[in-house]
Amino acid sequence: MLVERAGDGRRELATPTAGELKAAEAAHMQPRRSLGDIPIGQETSVLLRHGFRQWEDLYPRRQRSMVERLLELAPACSTDAGVVAALRSAILGSTEMAGHLSRWDRYYLKSYESMAGHRFNFTTLPVEPNVWGTTTSGRGTTLRRLVQFVKAAEWLRTNTDRQLSVEGPVPSTAALVPALLGQNIDGDPLERPDAVVVVGSSQRQLLPTGSVDLVLTDPPYHDDVQYGELSRPLQAWAGLTPPDSSGDAVVNRATGQLVADGSYTALLTSIFRESARLLRDDGHLIFSYANRDPQAWANVIDALQGAGLRAVGCAVVHSENETDHAKRNVRACTLDLLLDLVPVSNLAVEKFQPKLGDSDEEEFLGIVAEYVLAIGALSTDWRHEFLESVSTVNFIRPLRRPRNT
Ligand SMILES: C[S@@+](CC[C@H](N)C(=O)[O-])C[C@H]1O[C@@H](n2cnc3c(N)ncnc32)[C@H](O)[C@@H]1O
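Residues numbered from 1 in each chain as written. Predicted model: local features only at pLDDT ≥ 70, side-chain atom pairs only at ≥ 80, totals over all residues. Heavy atoms only, no water.

A. Highlighting the packing of aromatic side chains. Evaluated as defined, the whole model comprises nine aromatic pairs. Between the aromatic rings of Tyr-289 and Trp-297, the centroid separation amounts to 4.9 Å while the plane-to-plane angle is 75°, which identifies the pairing as edge-to-face. For the pair Tyr-289 and Trp-297, a shared accessibility class is recorded, and that class is buried. Plain terms: the ring middles of Tyr-371 and Trp-382 are 6.4 Å apart, the flat faces sit at 40° to each other, and that makes the pair tilted. Residue Tyr-371 is found in helix α10 (residues 360-372), and its partner Trp-382 is found in helix α11 (residues 382-390); the two are separated by eleven residues along the sequence. The burial state of Tyr-371 is the same as that of Trp-382; both residues are buried. The structure contains a cluster of three or more aromatic residues connected by ring pairs, namely Tyr-221, Tyr-289 and Trp-297. Sitting over the face of the ring of Tyr-112, Arg-139 holds its NZ or CZ atom 5.2 Å from the ring centroid. (Phe/Tyr/Trp six-rings, centres within 6.5 Å; stacked < 30°, edge-to-face > 60°. Buried < 20%, exposed > 50% of the residue type's maximum accessible area, 1.4 Å probe, protein only. Helix = DSSP H or I, 4+ residues; strand = E, 2+ residues; numbered from the N terminus. Lys NZ or Arg CZ within 6 Å of the ring centre and 35° of its normal.)

So this is what it looks like as structure tokens:
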């Protein structure tokens, strides 16, 4: 066991002193909360296989006690409910550094979240974090998060001339809300909040038909990331009951979610159709997508056409985390395709094409883009043609291991 000490601009790693060992064993370090069972799933299977049974098993005793103590103290810190909520979310956020899963990066001396790289991680050198944190070092600590909140609040104050008003969170099953922008009968701006936060599946959205200029979204990439499962430890700490996963637009082979033929496309179609409903005729739906599996692309393209949308253009962008340890030296996608669509109407549109280089990934995306740009006017047998044209590109060939000679 090693201890990292920080202070006076220095960091050191050393074996623990007798005093530090004694402090760690202190009687008050007795956690009390149980966080519930870890369910069977695509990502959780690795936890169950290694003997973890309850969510609290992922945390060393001292980390659990510290999180519990901070959550107890938070309500007394301010009479402002917003401040207490921010403090609570900083404390809850720190639980993504679960001591038994969090690991050191071998390239930079820093610890990683337990679900970094979108997997629950295992390591031979786990890192028990300092829950509260220090001002000089440490990732993901409560203090670090609070500093970022203050920075964000200051940015908002400098860039807006007033306090923004935010309504919600309201469930997506609530009644529709009036448009957020517009004028009353006398031509004065409507008295509406700047934002409404809605929780739930975007199969049902709360804004009126034809009231929106832009739907900007960031959907899951087929089965690449199990957001629901990976966020379960945080939900458990927050005391939230696991959300109804029936609207979760992620294919999960362990639970069977959206595995049935056509079910993923059907769910995406209903979400895109609802987004299209909100748009004005000249409104845009914009999102990015990446996947190595041509079937995933075919399903998305199918869903967009089925939702009554047509393509305006697409662009290739570097994905933000291509230097992630999880993507280093593996054949992951390093490019995203940005898709820009409008509802089918008689309005003329000027289409724009992506700029592509000559890498294997760009060759693949070039074919995908050709079909994306035809959304709204795809022929009946486009799917077969598309799958046929991508079948020979290098990018989707399985990784060939170098032979040991
Ligand atoms: C690519 S992530 C978005 C990440 C986000 N932009 C960020 O920077 O943190 C996709 C998100 O879509 C959510 N999601 C899945 N199905 C959904 C649905 N039917 N309605 C709304 N959100 C959904 C997932 O839970 C996940 O949080």
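B. Broad picture of the pattern of salt bridges. Across all of its chains, the model carries 17 salt bridges by this definition. Between Arg-162 and Asp-194 there is a salt bridge, and its shortest N-O distance comes to 2.9 Å. Linking Arg-162 in the loop between α5 (142-159) and β5 (166-171) with Asp-194 in the loop between β5 and β6 (195-199), this pair joins segments that are 32 residues apart in sequence. Exposure remark for Asp-194: the relative accessible area of 33% places this residue in the partly exposed category. As a salt-bridge pair, Asp-302 and Arg-383 come within 3.3 Å of each other at their nearest N and O atoms. You can see Asp-302 sitting in helix α9 (residues 294-306) and its partner Arg-383 sitting in helix α11, a full 81 residues away along the chain. Since its relative accessible area comes to 31%, Asp-302 is described here as partly exposed. The class for Arg-383 is partly exposed, based on a relative accessible area of 25%. Each of Arg-5, Arg-10, Glu-12 and Glu-20 takes part in a single network of salt bridges with overlapping partners. (Salt bridge = Lys/Arg side-chain N within 4 Å of Asp/Glu carboxyl O.)

C. Unusual backbone geometry, seen in detail. Backbone torsion omega between Gly-168 and Pro-169 reads 5°, so that peptide bond is classified as cis. Counting through the fold element by element, Pro-169 comes out in strand β5. Its identity as a non-glycine residue notwithstanding, His-118 has a phi of 60°, on the positive side. Assignment of secondary structure puts His-118 in the loop between β4 (111-112) and α5. A positive phi angle, close to 60°, is found at His-222, a residue other than glycine. Looking at where His-222 falls in the secondary structure, it is placed in the loop between β7 (212-217) and α6 (227-230). Overall, the relative accessible area of 7% leaves His-222 in the buried class.

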